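Summary of the model geometry
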Amino acid sequence: MTATPSITIVGAGLGGLTLARVLTRSGIHATLYDLDASPTARHQGGMLDIHEDSGQRALREAGLFEQFLPLIQPGGEELRILDKNATVRLAHEGGGGRPEVERGALRDLLLSSLPEGTVRWGSKVTAIRALGDGRHQLTLGNGDVVDTELLIGADGAWSKVRPLVSAAVPVYSGLSFIEAHLNEADTRHQASAALVGRGSMFALGAHKGMLAHRGGKGELHVYIALMKPADWAASLDVTDPAAIKAHLLKHFAGWDDSLLALISDADDHLVPRPIHALPVGHSWPRTPGVTLLGDAAHLMSPFAGEGANLAMLDGAELGRALVTHPGDVEAALAAYERELFPRSEKSAAESAANLIEFFKPDAPQGILDMMARYAAVG
Ligand SMILES: Cc1cc2nc3c(=O)[nH]c(=O)nc-3n(C[C@H](O)[C@H](O)[C@H](O)COP(=O)(O)OP(=O)(O)OC[C@H]3O[C@@H](n4cnc5c(N)ncnc54)[C@H](O)[C@@H]3O)c2cc1C
């Protein structure tokens, strides 16, 4: 292998972009391929709280921490936990260590830090073939082929790269979200805006809940969460939002009207999101010329709030490992994976445990007890 191998990253999510940025800062070129037709092809979703020891660390490594600061949403760390009667059981102001930013703004920051043309949009990887000696050949949707000496799977939950190193597949967690939005909340939905506040609001009951947060443009994002069989989300007809809302309202019968309004007043674009996870402790044997990062490596439920943070940290750490092992890709990948596996196992275990706590029969008590335990250990 040459001293500077050709580097191909599949996936221009937060993880792949952070890796490309860290490499670029050290003069190492990588090419990213993403199936999206353009950076604006897909709505980037809601807010992310960026943790000091993972997401923020990655941004420092990427040399983008100062540019990140103006993106922080004032008050975004506020959290309220309610029960089904809309009684506030906990109100927390947040301590400044987990500032909230819009996912889209964070992605734009990373993207704009890369040289023009680094990301090849509209490039779906449809097949990958091992060529031996750690080299791989990728086939793209348009029939083009790309040979590479180092292949990184940053291609999310349903990674095309993962099968090269592991037989693991994501397993349904038992929980499905319906993502809903209430746009222009301050004028169109004032009571709901007041209920959610400046940050996040979790209303929890037995086996269900509503997880809402305020977005950067005054909109409310709501994940309506239900423990349901794996095929439930796919059975919903997204072209008939009124029917979905009526179905959801039945499930939440008996909940306070102020909470039900988050369903009935939602705009008509409802997105079902069944939640999957890879097995806790997912790892793979060192495989020449290829590795994974982010969801491709350790997809987990969002209940530790770590997925995007870890994807960025993985990208930064892998970039650093490659920079500090010039001419020895295998040593770099081994060093990266040695840290990656225990780090992601810890967060995946926390996510899986938190999912159970959130939706226990006596919810929100489990999550209140958990917050009290966190507060006790500082
Ligand atoms: C409902 C929900 C809420 C969440 N909330 C939070 C939160 O509050 N905090 C947090 O830290 N995390 C959260 N997460 C998790 C977070 O979204 C993910 O962990 C994070 O986006 C993973 O980043 P990534 O770069 O690994 O993958 P992704 O962001 O999934 O990016 C993968 C990229 O690969 C591309 N791609 C996929 N397949 C191919 C292919 N074959 N060819 C080419 N390109 C391909 C995709 O287009 C995509 O751009 C949440 C997740 C969900 C589902």
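Residue numbers here run from 1 along each chain, matching the order of that chain's written sequence. Only residues with pLDDT of 70 or above have their local features reported here, since the model is predicted, and side-chain atom pairs are shown and tallied only from 80 upward, although totals for entire chains, interfaces and linings are computed over all residues. Note that water and hydrogens are dropped before the side-chain values are worked out from all heavy atoms of the structure.

1. Side note on the overall build of the protein chain
So the rule is basically this: Runs of H or I in DSSP of at least four residues are treated as helices and runs of E of at least two as strands, each being numbered from the N terminus. Atoms counted for the radius of gyration: C-alpha only. Globule rule: 2.2 Å times the number of residues to the power 0.38. Exposed residues in this analysis have more than 50% of their type's maximum accessible area, buried residues have under 20%, and partly exposed residues fall in between, with area computed by a 1.4 Å probe over protein chains only. Throughout, a contact is declared for two residues whenever any of their heavy atoms are within 4.5 Å. Values of accessible area rely on a 1.4 Å probe in the Shrake-Rupley scheme; residue burial ignores everything except the protein chains shown. Only four residue types enter the tally: Lys and Arg on the positive side, Asp and Glu on the negative side; His and the chain ends are excluded. For this purpose, a charge sits on NZ of Lys, CZ of Arg, CG of Asp or CD of Glu.
Tallying secondary structure elements over the protein chain gives 13 helices and 17 strands in all. What you see for the protein chain is a C-alpha radius of gyration of 21 Å, in line with the 21 Å of a compact globule of 378 residues. For the C-alpha atoms alone, the extent of the protein chain along its principal axes is close to 65 × 45 × 35 Å. Of all 378 residues assigned to the protein chain, the portion counted as buried reaches 54%. Considering only contacts in the protein chain between residues 6 or more positions apart, those separated by 24 or more positions represent 71%. For the protein chain, the exposed surface amounts to about 16300 Å²; the carbon and sulfur share of it is 53%. Taking the average place of the 33 positive charges on the side chains of the protein chain and the average place of its 45 negative ones, the gap between the two points comes to 2 Å.

2. As for the environment of alanine 225
Assignment of secondary structure puts alanine 225 in strand 15 (residues 220-227). For the pair alanine 225 and histidine 207, spaced 18 residues apart in sequence, the C-alpha to C-alpha distance is 8.3 Å. If we ignore the near neighbours within four places in the chain, the residues touching alanine 225 are Leu175, Ser176, Phe177, His207, Lys208, Gly209, Phe252 and Phe359.

3. Re helix 1 (residues 14-25)
Applicable threshold: Expected helix span is given by 1.5 Å per residue-to-residue step, counting one fewer step than there are residues.
Its twelve residues place the ends of helix 1 17 Å apart at the C-alpha level, agreeing with the 16 Å of an ideal helix rising 1.5 Å per residue. Those residues of helix 1 that sit buried are Leu14, Gly15, Gly16, Leu17, Thr18, Leu19, Ala20, Arg21, Val22 and Leu23.

4. Let's talk about the UniProt feature "binding site: FAD" (unreviewed entry) in the protein chain
Keep this limit in mind: UniProt positions are given in the numbering used here, feature names are shortened, and annotations may be inferred rather than shown by experiment. Within 3.5 Å is the distance limit for a polar contact, defined as a pair of N or O atoms, with the added protein rule that one can donate a hydrogen and the other accept it, and that residues adjacent in sequence qualify only through two side-chain atoms.
The UniProt record marks Asp49, Arg103 and Asp295 with the feature "binding site: FAD" (unreviewed entry), using the residue numbering of this structure. Along the chain, aspartate 49 turns up in strand 3 (residues 47-49). Relative accessible area serves as the criterion here: at 19%, aspartate 49 is assigned to the buried category. If we skip the residues at most four places from it in the chain, aspartate 49 touches Arg98, Pro99, Glu100, Gly305 and Asn309. At 3.1 Å, the side chain of aspartate 49 and the side chain of histidine 51 are in polar contact. Looking at the element boundaries, arginine 103 is found in helix 4 (residues 103-112). Among the residues examined, arginine 103 registers a relative accessible area of 29% and is labelled partly exposed. Not counting residues within four places of it along the chain, the set of residues in contact with arginine 103 comprises Leu14, Gln44, Gly46 and Leu48.

5. Re the side chain of histidine 136
Assignment of secondary structure puts histidine 136 in strand 9 (residues 135-140). There is a polar contact of 3.4 Å between the side chain of histidine 136 and the backbone oxygen of glycine 134.

6. Observations regarding the domain arrangement of the protein chain
Let me state the cut-off plainly: Where each domain begins and ends is defined by an automated method or by a domain database. A quick way to say it: buried area is the sum, across both parts, of accessible area lost when two parts are put together, with a 1.4 Å probe. A carboxyl oxygen of Asp or Glu within 4 Å of a side-chain nitrogen of Lys or Arg is what we treat as a salt bridge. In this classification, Asp, Glu, Lys and Arg are treated as charged, Ala, Val, Leu, Ile, Met, Phe, Trp, Tyr, Cys and Pro as nonpolar, and every other residue, Gly included, as polar.
The domains assigned to the protein chain are domain 1 (7-74 + 97-170 + 279-357) and domain 2 (172-277). Once you take the C-alpha centre of each, domain 1 and domain 2 turn out to be 29 Å apart. Contacts between domain 1 and domain 2 engage 18 residues on the former and 19 residues on the latter. Between domain 1 and domain 2, the buried area comes to about 1300 Å², and carbon and sulfur atoms account for 60% of it. When residues of domain 1 are sorted by the area they lose upon contact with domain 2, Gln73, Glu102 and Leu355 head the list and together hold 29% of the total. Salt-bridge contacts for lysine 217 lead to glutamate 102; the nearest nitrogen and oxygen are separated by 3.0 Å. On inspection of domain 1 and its partner domain 2, the count reaches four residue pairs in polar contact (both at pLDDT 80 or more). Per-class residue counts for the side of domain 1 that touches domain 2 are eleven nonpolar, five polar and two charged.

7. Observations regarding the side chain of glutamate 100
Of note, glutamate 100 is situated in strand 6 (residues 100-102). It is arginine 98 that comes nearest to the buried, bridge-free glutamate 100 among opposite-charge side chains, at 8.3 Å. Every residue in contact with glutamate 100, bar those within four places of it in the chain, is listed here: Met47, Leu48, Asp49, Leu71, Ile72, Gln73, Gly76, Glu77 and Ser200.

8. Examining the nonpolar core
The condition that has to hold: To form a nonpolar core, buried Ala, Val, Leu, Ile, Met, Phe, Trp, Tyr and Cys residues must be joined to one another through side-chain atoms within 4.5 Å.
Among the nonpolar cores identified, the biggest contains 58 residues, and Ile9 and Leu106 are the most heavily contacted of them. Not counting residues within four places of it along the chain, the set of residues in contact with isoleucine 9 comprises Gly16, Leu19, Ala20, Ala30, Thr31, Leu32, Tyr33, Ile152 and Ala154. Counting residues in hydrophobic clusters, the runner-up holds 30 residues, among them Met210, Ile224, Leu226 and Leu236.

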